[in-house]
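Coordinates in review
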Amino acid sequence: MSEGREQDLPEEREGAAVRPSTAAARRERRASSRPAARKDGSSAESKKSVVKTDSSDEDAKKGRPTKTRDGQEKRPSLIGRFFRYLREVIGELRKVIWPTRKQLVTYTGVVLVFVVFMVALVWALDLGFGAAVFELFG
């Protein structure tokens, strides 16, 4: 069944490294493929790759006031927002998985039976408590 699978025949693969079979071998392989890390958690290469930025860029940002909203687009009108709302509602309703007729009939029947049961339970409790109060207070 799995005669031609690559997993079953690792010796036939040419140029591919053999997968380590033990956890210790995997750790050793991972450690040899990474550069050695320093004790403070950063590597020597990451220190070399950091490029200093000019402080003049930072100074220019500090002295400038915040942006105003004059250049930004204004909110759409009430009618535009209403039509966007309707488009979004229609889009969400298209995502709904609607029940089949059989499911709809089944679920409706379950709800109606539950409602009838709860009405009967409340009616019985009301009748019982009413009779108990009438007997107690006359």
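Residues numbered from 1 in each chain as written. Predicted model: local features only at pLDDT ≥ 70, side-chain atom pairs only at ≥ 80, totals over all residues. Heavy atoms only, no water.

Moving on to the overall build of the protein chain. Each helix and strand in the protein chain was counted, giving five helices and zero strands. Reading the protein chain from its N terminus to its C terminus gives the helix and strand order α-α-α-α-α. When each of the 138 residues of the protein chain is scored for burial, the buried share is 1%. Carbon and sulfur atoms make up 60% of the accessible area of the protein chain, which totals about 14300 Å². (Helix = DSSP H or I, 4+ residues; strand = E, 2+ residues; numbered from the N terminus. Buried < 20%, exposed > 50% of the residue type's maximum accessible area, 1.4 Å probe, protein only. Areas by Shrake-Rupley, 256 points an atom, 1.4 Å probe, with all protein chains shown as cover.)

A cluster of basic side chains, namely Arg19, Arg26, Arg27 and Arg30, defines a positive patch on the protein surface. Residue placement: Arg26 occurs in helix 1 (residues 23-33). (Patch = residues over 30% accessible without salt bridge, like charges linked within 9 Å, V, L, I, M, F, W, Y side chains within 5 Å. Salt bridge = Lys/Arg side-chain N within 4 Å of Asp/Glu carboxyl O. Lys, Arg positive; Asp, Glu negative; His and termini not counted. Charge placed at Lys NZ, Arg CZ, Asp CG, Glu CD.)

The next thing to look at is a nonpolar patch on the surface. On the surface, Val111, Phe114, Val115, Phe117, Met118, Val119, Leu121, Leu125 and Phe129 cluster together to form a nonpolar patch covering roughly 870 Å² of accessible area. Relative to the assigned elements, Phe117 resides in helix 5 (residues 101-137).

Attention now goes to the packing of aromatic side chains. Applying the stated criterion to the full structure yields one aromatic pair. Between Phe82 and Phe83 the ring centres are 5.9 Å apart and the planes differ by 65°, which places this aromatic pair in the edge-to-face class. Owing to a relative accessible area of 44%, Phe83 belongs among the partly exposed residues under this scheme. (Phe/Tyr/Trp six-rings, centres within 6.5 Å; stacked < 30°, edge-to-face > 60°.)

Glancing now at helix 5. The end-to-end C-alpha separation of helix 5 is 53 Å, in line with the 54 Å expected for 37 residues at 1.5 Å each. Among the 37 residues of helix 5, zero are classified as buried, and the element is accordingly described as predominantly exposed. Positive backbone phi, approximately 75°, marks Gly138, located one or two places after helix 5. (Expected span 1.5 Å × (residues − 1).)

Another aspect to go through is the pattern of salt bridges. For the structure shown, the criterion picks out two salt bridges. For Glu88, the salt bridge identified is with Arg84, shortest N-O distance 3.7 Å. One end of the pair, Glu88, and the other, Arg84, are both in helix 4 (residues 78-95), four residues apart, so they sit about a helical turn from each other. Since its relative accessible area comes to 42%, Arg84 is described here as partly exposed.

Overall, the predicted model of the protein chain reaches an average pLDDT of 78, with 64% of residues at or above 70. Within the protein chain, helix 5 carries the highest mean pLDDT (97), whereas helix 2 (residues 44-49) carries the lowest (51). (pLDDT = per-residue confidence, 0-100.)

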